[in-house]
Amino acid sequence: MDSMITQRVGELDADSSEVAEDAQYSLIAMGPAVLDEVIAATPHLGVFGQLCAIDVFTALKDPRPGDVLIDLLDSENATVRQWAAGALADLEIRRAVPALQRTYEAFRRRGEAPDDSEGVALRWALTDLGAREPVIPPRAAALRTSLGNLDPAWPTAHLAEVIEDLAAHDQAVLYFQVWRIRPDNGASGGPGPGIDWDLDRQSSWARIVAHCRDWALLAAEATDKAPDLVATICWIDASDL
């Protein structure tokens, strides 16, 4: 068993992504007994190997990789930082909050777009771990629905009303994503409006909020309002810029 674990851990850094992913799935199937070796190897893996290791940690739902995941927040690779943040939230590693806050501050100082996937992951990790409280106005809260991992979400029939409510409470809507509710009460990607918008971060916050509201409302108008469709919304407060 030990030799098999060692072999599979080494294969996480294989030149072939197919071999690396096979090793990842094998390690997950072996269970928590693999964790010590994967944890020890992770700092020395390449980017793809580290992403595979993060998937192993998340799948095994064990808090032991907390320290190595925190260290990965200092990676030079944005995707590694993003995945590490998500894993820390999934594993409920609350001691990671100071490191996540530092990583988010570094993200903001670099002037990255707030809808960049790393920024989204860092904000939601901080939210999930109780270190960030997103503004959800009363009307939006009343219309909110929960669907498995999609929380908060809103029926697309109420999307425009929620966007208006967020903007009225000084929140800038960056984008939304539509999901179709399956018969098993899960969700899969649904039809989107095909409308995107950018932020002019040199504008005043009031202008940013109004600009995002207007574009989001156009996108909401173009979105199907079928009863089996819900939307998740990404929005920020002025403190997130």
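Structure report, in brief. (Residues numbered from 1 in each chain as written. Predicted model: local features only at pLDDT ≥ 70, side-chain atom pairs only at ≥ 80, totals over all residues. Heavy atoms only, no water.)

## Side note on the pairing of strand S2 (residues 150–155)
Here is step 1: For strand S1 (residues 145–147) and S2, the ladder comprises two bridges, and the chain directions are antiparallel. Along S2, the bridge assignment pairs Leu147 with Leu150.
Here is step 2: Remark: two residues form the turn of the hairpin made by S1 and S2, two consecutive strands paired antiparallel; Gly148 in that turn has positive phi of roughly 60°. (Pairing = 2+ DSSP bridges. Helix = DSSP H or I, 4+ residues; strand = E, 2+ residues; numbered from the N terminus.)

## What about unusual backbone geometry?
Here is step 1: The step from Asp151 to Pro152 runs through a cis peptide bond, and the omega angle for that step is 5°.
Here is step 2: When you line up the elements, Pro152 lands in strand S2.
Here is step 3: Positive phi, normally seen in glycine, also occurs at Lys61, with a value near 50°.
Here is step 4: With relative accessibility at 67%, the residue Lys61 sits in the exposed group.
Here is step 5: Phi angles above zero are rare outside glycine, and Glu92 is one such case at about 60°.
Here is step 6: Inspection of the secondary structure assignment puts Glu92 in the loop between helix H6 (78–90) and helix H7 (97–109). (Buried < 20%, exposed > 50% of the residue type's maximum accessible area, 1.4 Å probe, protein only.)

## Points about the sheet that holds strand S5 (residues 229–236)
Here is step 1: Strand order in the open sheet made by the five strands is S1-S2-S5-S3-S4, with antiparallel pairing throughout. Unpaired on one side and paired on the other, S1 and strand S4 (187–189) mark the two borders of the sheet. Going across the sheet, the axis of each strand differs from the next one's by a mean of 50°, ignoring polarity.
Here is step 2: Here S2 runs beside S5; their pairing, made up of two bridges, is antiparallel. For Trp154, the partnering residue across the bridge sits in S5 and is Ala231.
Here is step 3: Its contacts with the sheet place helix H11 (residues 205–221) against strand S3 (172–181) and S5, and it is angled at close to 25° to S3. (Axes fitted to C-alpha atoms, helices over the stretch in contact; angles between N-to-C directions. Contact = heavy atoms within 4.5 Å.)

## So, the packing of aromatic side chains
Think of a pair of aromatic rings as described by two things: how far the centres are apart, and how the planes are tilted against each other in angle.
Here is step 1: This model, assessed by the stated rule, comprises two aromatic pairs.
Here is step 2: Judged by centre distance (6.0 Å) and plane angle (65°), the ring pair of Trp154 and Trp235 falls under edge-to-face. Here Trp235 lies in strand S5 and Trp154 lies in strand S2, a separation of 81 residues in the sequence.
Here is step 3: Judged by its relative accessible area of 0%, Trp154 falls in the buried class. (Phe/Tyr/Trp six-rings, centres within 6.5 Å; stacked < 30°, edge-to-face > 60°.)

The analysis is restricted to geometry; functional conclusions fall outside its scope.
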